[in-house]
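Descriptive structure summary
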Amino acid sequence: MNRIVTFLPLFLFTLSMFGQENDLQLEVKPEFFRTPPDGNLIQPTGVAVNSQNHVFVFNKGNKKLLEFDAGGNYVRSLGEGIFKDPHGLRIDPEDNIWTTDLEAHLVIKMSPEGRVIMVLGENGTSGLYNEGRESMLFFKPADIAFASNGDIYVADGYGNHRVVRLDQHGNLIKAWGEQGPENGNFDNPHNVVIDAQDRVYVADRNNLRIQVFSAEGAFLESWTHVGKPWGLALGEDGFLYMTDGDAEKILKLDLKGNIIATFDRGPGNGPGQFRAAHGIAAGPGGTLYVTEVLNWRVQKLMQN
């Protein structure tokens, strides 16, 4: 009996320590962003950070693309009158701003100053998958990512369930995938990121997995243990951060698919809680930004 009493506290202590080691320690900065009085955030979906640590937020309000400085102060709005249904937002290594629009079926590239310098797709015209795999028309494109050589990858997510690869000038190279559960197919490829080795990570949201491909689109592996991936971001620490907008949590993964840590305060509207955690961006020093569609806000979280 004494041996059992001695063993149980040690066992419980070990479990407790294991749980702590797997908790993603994040300090929440409530109400960090100071929006202008005439520019409240409405259903924000995309967030991105540029080289100056300025944060850009894409939302469905009257000012759809907003820029904030490193202190959370409002700087300006961009693209007035351009966007219909904002969704994806990324910033490339030259600080160009890229957006996807679900209703317009467009991918738009803007200069750091906010001038449109490339439009991919046709405004208001969707291209159904069965009209041709190599169609340059998108159907509710969800996200974009960039390879080291400047190639562009579009998660043509809600309608065509494919990934489209283009060169830096917007010329089509190839497309792969269609709706289905098989490896290399998708059910709403919702986010896409590319690592330093040009491996392509796709948040295959409705198939409950992250799929990994080579730069050429060859299937490498599938991670089916991560929950329901909504947003993906690669941190400067080399880890992949994922939002699960159903479970309302953040996962930190290595590039082999191992879950390193989890941030989970449950659903809600308190600090560190989420309602439809959608887009995620990784800034300097392990800082994370998460958009919430239902709470109409963006939270800043800092790793301890």
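These notes cover the structure that comes with them. The residue numbering used here restarts from 1 in each chain and proceeds along that chain's sequence as written. Selection of residues for local features in this predicted model requires a pLDDT of at least 70, selection of side-chain atom pairs for listing and counting requires 80 or more, and totals for whole chains, interfaces and linings are taken over all residues. The side-chain quantities take in all heavy atoms of the structure and omit both hydrogens and water.

**Some remarks on the pattern of salt bridges**
- The salt bridge definition used is simple: a Lys or Arg side-chain nitrogen within 4 Å of an Asp or Glu carboxyl oxygen. Within the structure shown, the criterion is met by 12 salt bridges.
- For Glu27, the salt bridge is made with Lys29, and the minimal N-O distance between the two is 3.0 Å.
- For Glu27, a relative accessible area of 37% puts it in the partly exposed group.
- Using a 1.4 Å probe on the protein chains alone, a residue whose accessible area is under 20% of its type maximum counts as buried, one over 50% counts as exposed, and one in between counts as partly exposed. Given a relative accessible area of 28%, Lys29 falls into the partly exposed group.
- When the shortest N-O distance is used, the salt bridge between Asp151 and Arg165 registers 2.9 Å. With Asp151 in the loop between β10 (143–146) and β11 (152–156) and Arg165 in strand β12 (residues 162–166), this pair connects stretches of sequence that are 14 residues apart.
- On the accessibility criterion, Asp151 (6% relative accessible area) is buried. The numbering of helices and of strands both runs from the N terminus, where a helix is a DSSP run of H or I of at least 4 residues and a strand a run of E of at least 2.

**Thoughts on unusual backbone geometry**
- Positive phi, normally seen in glycine, also occurs at Glu31, with a value near 50°.
- Tracing the backbone through its elements, the reader meets Glu31 in the loop between β1 (26–29) and β2 (46–49).
- Residue Glu31 is classed as exposed on the basis of its relative accessible area, which comes to 77%.
- For Leu208, which is not glycine, the phi torsion reads 55° and is therefore positive.
- Summarising the element assignment, Leu208 is placed in the loop between β15 (200–204) and β16 (209–213).
- Residue classification places Leu208 among the partly exposed residues on the basis of a relative accessible area of 43%.

**Side note on the layout of surface pockets**
- Only protein atoms enter the 1 Å grid used here, on which a cavity is any set of points holding a 1.4 Å probe that cannot leave and a pocket is any open set flanked by protein within 12 Å on both sides along at least five of seven lines; residues with an atom within 4 Å of a point are listed as lining. Grid points are joined across faces, edges and corners, and a volume is the space filled by probe spheres set on the points. By volume, the largest pocket amounts to about 1100 Å³.
- Looking at the largest pocket, it is lined by 41 residues, and the ones nearest its centre are Ile91, Asp92, Pro93, Phe146 and Leu234.
- The set of elements that each furnish at least two residues to the lining of the largest pocket consists of β2, β6 (86–91), β10, β14 (189–194), β18 (231–234) and β22 (277–282).
- Across the lining of the largest pocket, the residue classes break down as 23 nonpolar, 10 polar and 8 charged.
- Roughly 280 Å³ of volume is contained in the second largest pocket.
- Ranked by residue count, the leading element in the lining of the second largest pocket is strand β24 (residues 297–303), at 4 residues.
- Partitioning the lining of the second largest pocket into residue classes produces 7 nonpolar, 4 polar and 4 charged. Three classes are used: nonpolar for Ala, Val, Leu, Ile, Met, Phe, Trp, Tyr, Cys and Pro, charged for Asp, Glu, Lys and Arg, and polar for all others, with Gly counted as polar.

**Concerning the nonpolar core**
- In this description, a nonpolar core means a group of buried Ala, Val, Leu, Ile, Met, Phe, Trp, Tyr and Cys residues linked to one another through side-chain atoms lying within 4.5 Å. Ranked by size, the top nonpolar core spans 14 residues in total, and within it Ile250, Phe263 and Leu301 carry the most contacts.
- When contributions to this core are tallied by element, the ones reaching two or more residues are β1, β21 (259–263), β22 and β23 (288–292).
- Not counting residues within four places of it along the chain, the set of residues in contact with Ile250 comprises Leu24, Leu26, Met242, Ala261, Thr262, Phe263, Phe274, Ile280, Leu288, Val290 and Leu301. Any two residues whose heavy atoms approach within 4.5 Å are treated as being in contact.

**A closer look at the environment of Glu236**
- Its location among the elements puts Glu236 in the loop between β18 and β19 (240–244).
- With residues up to four places along the chain from it excluded, the contact list for Glu236 reads Gly283, Pro284, Gly285 and Gly286.
- Here the side chain of Glu236 touches Gly285 through a polar contact of 2.7 Å, landing on its backbone nitrogen. N or O atoms closer than or at 3.5 Å make up a polar contact, with two conditions inside protein: a donor-capable atom paired with an acceptor-capable one, and, for residues adjacent in sequence, both atoms drawn from side chains.

**Quick notes on the sheet that holds β10**
- Following DSSP output, two strands are said to pair if at least two bridges run between them. Strand order across the open sheet formed by 4 strands is β10-β11-β12-β13, with antiparallel pairing between neighbours. Because the sheet does not close on itself, it has two edges, and the strands there are β10 and β13 (172–176). If you compare each strand with its neighbour and ignore which way they point, the axes differ by 20° on average.
- When β12 meets β13, the two strands line up antiparallel, connected through 4 bridges. Across the sheet, residue Val163 finds its bridge partner in β13, namely Trp176. For helices, the fitted line uses only the C-alpha atoms of the stretch in contact; every axis is such a line through C-alpha atoms, and the angle between N-to-C directions lies from 0 to 180 degrees.

So yeah, pure geometry; function would need other evidence.
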